Amino acid sequence: MRIEPMHGAPRDEKALAAFLDQGWPAFISADAVAAQYLPSVRERFADLELLVVDGDRYVGAGWAVPIVWDGSAGSLPEGYSDSLRRSVTEETAHTPNTLVVCAAQIDQAEQGRGIAADLLRAFREQAVARGLEYLIVPLRPTLKHRYPLTAIADYAAWIRADGAPFDPWLRTHWRMGARVLATAAQSQTMTGTIAEWEDWTGMTLPDAGDYIIPGGLAPLRIDDNGNGTYVEPNIWVQHPLDTPAH
């Protein structure tokens, strides 16, 4: 198994696209802010896209963006989408000092092998190599979709009997020495018509109101005009760049 730049060698583009699409809810692409900035992000920060390869199979991938951050919780980006915006709009005006890991995904069949931690370590090495001060992650908690009515701040505070975080993905970061900085109540906003939301969720949405949707970390709100809005929360964590893990 090896971790390498995603664009550092010829790839089977169809296989790579299929891998990158797996594991995400269909509505994840309905974020208008992310859609606005992603083309520039892909162009400018292609060197921050990593791929985990096992033989000839893609088993993991992740990507990050550089931003300017003063190290305080109060000046964090609003979440994932705002991180993309800041990476693009601040790039020429200021020298970035922070790496934001925007995504890290592992093939479901390969989970439990420690690949996610290896990928996060690779991003930590990238941050150190670039002379950056901080590495932060707007983490999408693995099991939050089972508790969509629970406030993200409450969910982030849940712990097991052994003192470790309740959420498995948050626990992976914690075991590497990361700490929770804050929660992002409005990390992403996805919008669409009732017809689009019915297609994305496989549900019938007959009336205005709030709905629990498959894969949703919070409820979907359908308004009286037939439009749906889903606001996704995340958890901000910070990784150490020069201290040992737990």
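Structure shown above.
In what follows, the accompanying structure is described.

It is worth spelling out the overall build of the chain at this point. Within the chain one finds seven helices and nine strands. Whereas a compact globule of 246 residues would reach a radius of gyration of roughly 18 Å, the chain reaches 18 Å, a difference of no more than 12%. Taking the principal axes of its C-alpha atoms as reference, the chain extends roughly 55 × 45 × 40 Å. A total of 246 residues make up the chain; the buried ones form 46% of that total. Counting contacts in the chain only where the partners sit at least 6 residues apart, residues at least 24 apart contribute 71% of the total. Accessible surface for the chain amounts to roughly 11900 Å². Of this, 50% is attributable to carbon and sulfur atoms. Taking the average place of the 20 positive charges on the side chains of the chain and the average place of its 32 negative ones, the gap between the two points comes to 7 Å.

With that settled, consider the packing of aromatic side chains. Note on aromatic pairs: each is described by the distance of the centres and the angle between the planes. Under the criterion given, the structure shown has twelve aromatic pairs. Relative to Phe166, the ring of Trp158 lies with its centre 5.4 Å away and its plane at 80 degrees, an arrangement referred to as edge-to-face. On the basis of relative accessible area, Phe166 is assigned to the partly exposed category, the value being 23%. Of the aromatic side chains, those joined through ring pairs into one cluster are Phe27, Trp197, Trp200 and Tyr230. Of note, Arg42 hangs over the ring of Trp63, and the distance from its end group to the ring centre comes to 4.2 Å.

Looking now at the packing of helix H2 (residues 32-44) against helix H3 (residues 80-89). Taken N-terminus to C-terminus, the directions of H2 and H3 make an angle of 50 degrees; their axes are 9 Å apart at the nearest point. Classified by the angle their axes make, H2 and H3 are oblique. In this structure, the crossing between H2 and H3 has a hand that is left-handed. Mapping the contact onto sequence places Val33, Ala34, Tyr37, Leu38, Ser40, Val41 and Arg44 in H2 and Tyr80, Ser81, Leu84, Arg85, Ser87, Val88 and Thr89 in H3. Across the contact of H2 with H3, the residue classes break down as eight nonpolar, four polar and two charged.

On to helix H4 (residues 115-129). Under the 1.5 Å per step criterion, the end-to-end length of H4 is 21 Å for 15 residues, consistent within 8% with the ideal 21 Å. Here H4 has its buried residues at Ile115, Ala116, Ala117, Leu119, Leu120, Ala122, Phe123, Arg124 and Ala127. Two residues or fewer after H4 comes Gly131, characterised by a positive phi angle close to 75 degrees.

The topology assignment puts Glu49 in strand E2 (residues 49-54). With residues up to four places along the chain from it excluded, the contact list for Glu49 reads Glu4, Pro5, Met6, His7, Arg42, Gly62 and Trp63.

By the secondary structure assignment, Gln108 is in the loop between strand E4 (98-106) and H4. Linking Gln108 and Gln22, residues 86 residues apart in sequence, is a C-alpha distance of 9.0 Å.

Across the six residues that make up E2, a large majority, five, are buried. In the sheet, E2 pairs with strand E3 (residues 57-67) via six bridges, with the strands oriented antiparallel. The residue of E3 that forms the bridge with Glu49 is Trp63. Two successive antiparallel strands, E2 and E3, enclose a turn made up of two residues, where Gly55 displays a positive phi of approximately 65 degrees.

In terms of nonpolar packing, the biggest core is built from 51 residues, with Trp63, Val65, Leu84, Leu99, Phe123, Ile136 and Ile235 touching the most fellow members. The biggest single contributor to this core is H4, with eight residues. Once residues within four sequence positions are removed from consideration, Ile136 is found in contact with Ile67, Trp69, Leu76, Thr98, Leu99, Val100, Val101, Leu181, Trp236, Val237 and Gln238. Membership of the second largest hydrophobic core comes to twelve residues, among which are Leu205, Tyr211, Ile213 and Leu217.

Going through the model one piece at a time under the given rule, you end up with twelve salt bridges. Of the charged contacts, one joins Arg11 and Glu4 as a salt bridge, the two residues approaching to 2.7 Å between their closest N and O atoms. You'll find Arg11 and Glu4 in the same group, each marked buried. Salt-bridge contacts for Asp107 lead to Arg57; the nearest nitrogen and oxygen are separated by 3.9 Å. With Asp107 in the loop between E4 and H4 and Arg57 in strand E3, the pair connects residues that are 50 residues apart, well separated along the chain. On the basis of relative accessible area, Asp107 is assigned to the buried category, the value being 14%. Each of Arg2, Glu4 and Arg11 takes part in a single network of salt bridges with overlapping partners.

How each quantity is defined
Residues numbered from 1 in each chain as written. Predicted model: local features only at pLDDT ≥ 70, side-chain atom pairs only at ≥ 80, totals over all residues. Heavy atoms only, no water. Helix = DSSP H or I, 4+ residues; strand = E, 2+ residues; numbered from the N terminus. Rg over C-alpha atoms; globule rule 2.2 N^0.38 Å. Buried < 20%, exposed > 50% of the residue type's maximum accessible area, 1.4 Å probe, protein only. Contact = heavy atoms within 4.5 Å. Areas by Shrake-Rupley, 256 points an atom, 1.4 Å probe, with all protein chains shown as cover. Lys, Arg positive; Asp, Glu negative; His and termini not counted. Charge placed at Lys NZ, Arg CZ, Asp CG, Glu CD. Phe/Tyr/Trp six-rings, centres within 6.5 Å; stacked < 30°, edge-to-face > 60°. Lys NZ or Arg CZ within 6 Å of the ring centre and 35° of its normal. Axes fitted to C-alpha atoms, helices over the stretch in contact; angles between N-to-C directions. Parallel < 35°, antiparallel > 145°, perpendicular 65-115°, else oblique. Left-handed = near helix turned anticlockwise from the far one by under 90°. Nonpolar A, V, L, I, M, F, W, Y, C, P; charged D, E, K, R; others polar. Expected span 1.5 Å × (residues − 1). Pairing = 2+ DSSP bridges. Core = buried A, V, L, I, M, F, W, Y, C linked by side-chain atoms within 4.5 Å. Salt bridge = Lys/Arg side-chain N within 4 Å of Asp/Glu carboxyl O.

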